[in-house]
Amino acid sequence: MAEPGCAGVILVEVEVEAAGLNFADAERLRGSYQPPKLPFVPGGEIVGRTADGRRVLAFANAAYASKAVVKTPVEIPEDLPAGAALALLVQGLTAWHLLRTAARLAPGESVVINAAAGGVGHLAVQLAKEFGAGRVIGTASTADKQNLVLNLGADAAVNGAADGYAERVLAANGGDPVNMVLDAVGGPVFDAATRVLAPFGRLITYGTSGGVDPSPVDPGLLSEHNIAVGGYWLGAHLRLPGSTAAEALEELIALTAAGRLRPVTGAEYKLEEAGQALAHLVARRTVGKVILRP
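Residues numbered from 1 in each chain as written. Predicted model: local features only at pLDDT ≥ 70, side-chain atom pairs only at ≥ 80, totals over all residues. Heavy atoms only, no water.

## A look at the packing of helix α2 (residues 82-102) against helix α3 (residues 121-130)
Argument step 1. Direction vectors running N to C along α2 and α3 enclose 45°, while the axes themselves pass 9 Å from each other. In terms of orientation, α2 lies oblique with respect to α3. Read as a crossing pair, α2 and α3 show a hand that is right-handed. In contact with Ala87, Gln91, Gly92, Ala95, Trp96 and Leu99 of α2, α3 contributes Leu123, Ala124, Leu127 and Ala128. (Axes fitted to C-alpha atoms, helices over the stretch in contact; angles between N-to-C directions. Helix = DSSP H or I, 4+ residues; strand = E, 2+ residues; numbered from the N terminus. Parallel < 35°, antiparallel > 145°, perpendicular 65-115°, else oblique. Left-handed = near helix turned anticlockwise from the far one by under 90°. Contact = heavy atoms within 4.5 Å.)

See the structure below:
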């Protein structure tokens, strides 16, 4: 049937195989990010099966459920694990557009990815190499996470703490400033990242997982060093007229099927354990894509 007020849009009922968890789900439940109207069921992405037997990946409102109604589902291979598929939706599309659309990566450029072991970060590391970056540097909070970043193809991995950030990043790039930084941490880490950019470098923010807002950006700093600071949010992008996730998502699925992109999958929880799963996600006790199974 067509969605009310949206002629031509087809809604499809899907039996949910798995729902993906995102930080935005917890933020909405706390009322700090697009406060929901009650009653409210969280979640925005599912893997499932349509009535005609197709296995699909899709954005879905009220995804923490056994069934969901979705628009424009994308068919996925039967052998693609649910966690890997769900990692490609919000996190994968965000990583793709951070590099392609927001930062406009050019071949040979150096890229720093903060929180590089995270949901978006670990995919951005791999995509940056796939898209021709000259040097990829990931930051992470522990030695284990730094090793993960290196195993995913980064040229260097350093501690991401604000204290000493600039010195560590510059050393990892042979003493030279970098062409771009992708940051989801915010606060003093964001502030430090403005000091590692080469002329015409770009710093793209897409979150503040550190819980602290950065200092106001000094326009004089930007003009003096010919650098740019921008932001990216997938939700706002996809709401623009004519925007679609199809092209990027098809590439992400193809890269994953070919083994050239390796989404890291994490813990699986039962649907009734959603509260515990979100608590672990927010407390950074998880690695990779966390999913719920009905």
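## Description of the sheet that holds strand β10 (residues 178-183)
Argument step 1. Taken together, the six strands give an open sheet; going across it, the order is β9-β8-β7-β10-β11-β12, and neighbouring strands pair in parallel fashion. Both edges of this open sheet fall to β9 (156-159) and β12 (228-231), since each of them pairs with a single strand only. Between one strand axis and the next, the sheet turns through 20° on average, direction left out of account.
Argument step 2. When strand β11 (residues 197-205) meets β12, the two strands line up parallel, connected through four bridges. Bridging across to β12, Leu203 finds its partner in Val229.
Argument step 3. Of the strands in this sheet, β7 (110-113), β8 (135-140), β9 and β10 are in contact with helix α5 (residues 165-172), which crosses β9 at around 165°. (Pairing = 2+ DSSP bridges.)

## Comments concerning the pattern of salt bridges
Argument step 1. All told, the structure shown has 11 salt bridges when counted by the stated rule.
Argument step 2. Lys67 is the salt-bridge partner of Glu13, the closest N and O atoms lying 3.9 Å from each other. With a gap of 54 residues between them, Glu13 in strand β2 (residues 6-20) and Lys67 in strand β5 (residues 67-71) connect regions that are remote in the sequence.
Argument step 3. Across the salt bridge formed by Glu27 and Arg30, the nearest N and O atoms sit 2.0 Å from each other. A residue pair is termed a helical-turn pair when its members lie 3 or 4 positions apart in one helix, as Glu27 and Arg30 do in helix α1 (residues 23-30) at three residues.
Argument step 4. Taking relative accessible area as the criterion, Arg30 reaches 53% and is therefore assigned exposed. (Salt bridge = Lys/Arg side-chain N within 4 Å of Asp/Glu carboxyl O. Buried < 20%, exposed > 50% of the residue type's maximum accessible area, 1.4 Å probe, protein only.)

## Regarding the side chain of Asp183
Argument step 1. Mapped onto the elements of the fold, Asp183 is located in strand β10.
Argument step 2. At 2.9 Å, the side chain of Asp183 and the side chain of Asn114 are in polar contact.
Argument step 3. Sequence-distant contacts of Asp183, that is, excluding residues within four places in its chain, are made with Asn114, Val189, Phe190, Leu203, Ile204, Thr205, Tyr206 and Gly207. (Polar contact = N/O pair within 3.5 Å; in protein donor to acceptor, adjacent residues only side chain to side chain.)

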